[in-house]
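Chain residues, written in single-letter form:
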Amino acid sequence: MASPSLSLYLLAARRSSGRPLPDYPARPKDGSLVWVYLDAESDEEGIAQLIQRMHEERPELSFLVTPETGQKRSATFPGATLFCPIPPDRLPDLARFLDHFRPSLILLTGPDLPPALIHSAATRKVPLALADVQLAADAPVPWRWTAGMAAALLH
């Protein structure tokens, strides 16, 4: 059951961000695509190592990394890794992104739990995995005012 704060968030997220969205790189035609949502506070080196190991175990996997800054930072990712900015946490923007890339798995990293993204993934039945996610009791806004939202998202 959705919390009132999650319901309100998703109601507001029904509108597009209004920002022009970038032209996305082409999705690899063959195989499964893992979308790695790389939050600004994520352990980039650790996530890069995880992706490298996944690539070694399953070379047919393709990876899309969306750093919060939109740019690849210092970590070393497998050569075929695609990079593009994180789409706004708005349902229409996420629909365009998900329609384009059709990820087989979404890997969320860092302390951010984007509600509209998690909702969109669940609606589309795209598996979602959490890595390097830490929700502290004294977490900064927006989690303080959203009582029950994290629990509703992860239910």
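First, a word on scope: everything that follows refers to the structure included in this document.

Thresholds applied
- Residues numbered from 1 in each chain as written.
- Predicted model: local features only at pLDDT ≥ 70, side-chain atom pairs only at ≥ 80, totals over all residues.
- Heavy atoms only, no water.
- Buried < 20%, exposed > 50% of the residue type's maximum accessible area, 1.4 Å probe, protein only.
- Helix = DSSP H or I, 4+ residues; strand = E, 2+ residues; numbered from the N terminus.
- Salt bridge = Lys/Arg side-chain N within 4 Å of Asp/Glu carboxyl O.

1. A look at helix α4 (residues 115–124)
Each α-helix winds once per 3.6 residues, and so residues spaced three or four apart point in a common direction. Taken together, the buried positions of α4 are occupied by Pro115, Ala116, Leu117, Ile118, Ser120 and Ala121. Just downstream of α4 lies Lys125, where phi reads positive at about 60°.

2. With respect to unusual backbone geometry
Positive phi, normally seen in glycine, also occurs at Arg102, with a value near 45°. If you trace the backbone, Arg102 turns up in the loop between α3 (91–101) and β4 (105–109). In the Ramachandran plot, Lys125 falls in the positive-phi region, its phi being about 60° despite a non-glycine side chain. Here Lys125 lies in the loop between α4 and β5 (128–131). Residue class for Lys125 comes out exposed when judged on its relative accessible area of 73%.

3. Digging into the pattern of salt bridges
Side chains that differ in sign of charge can pair as their charged atoms come close. Summed over the entire model, instances satisfying the criterion amount to 2 salt bridges. Linking Arg58 and Glu60 is a salt bridge whose minimum nitrogen-to-oxygen distance equals 2.5 Å. The exposure class assigned to Arg58 is partly exposed, which follows from its relative accessible area of 42%. Among the ionic pairs, Arg124 bridges to Asp99, the shortest N-O distance being 2.8 Å.

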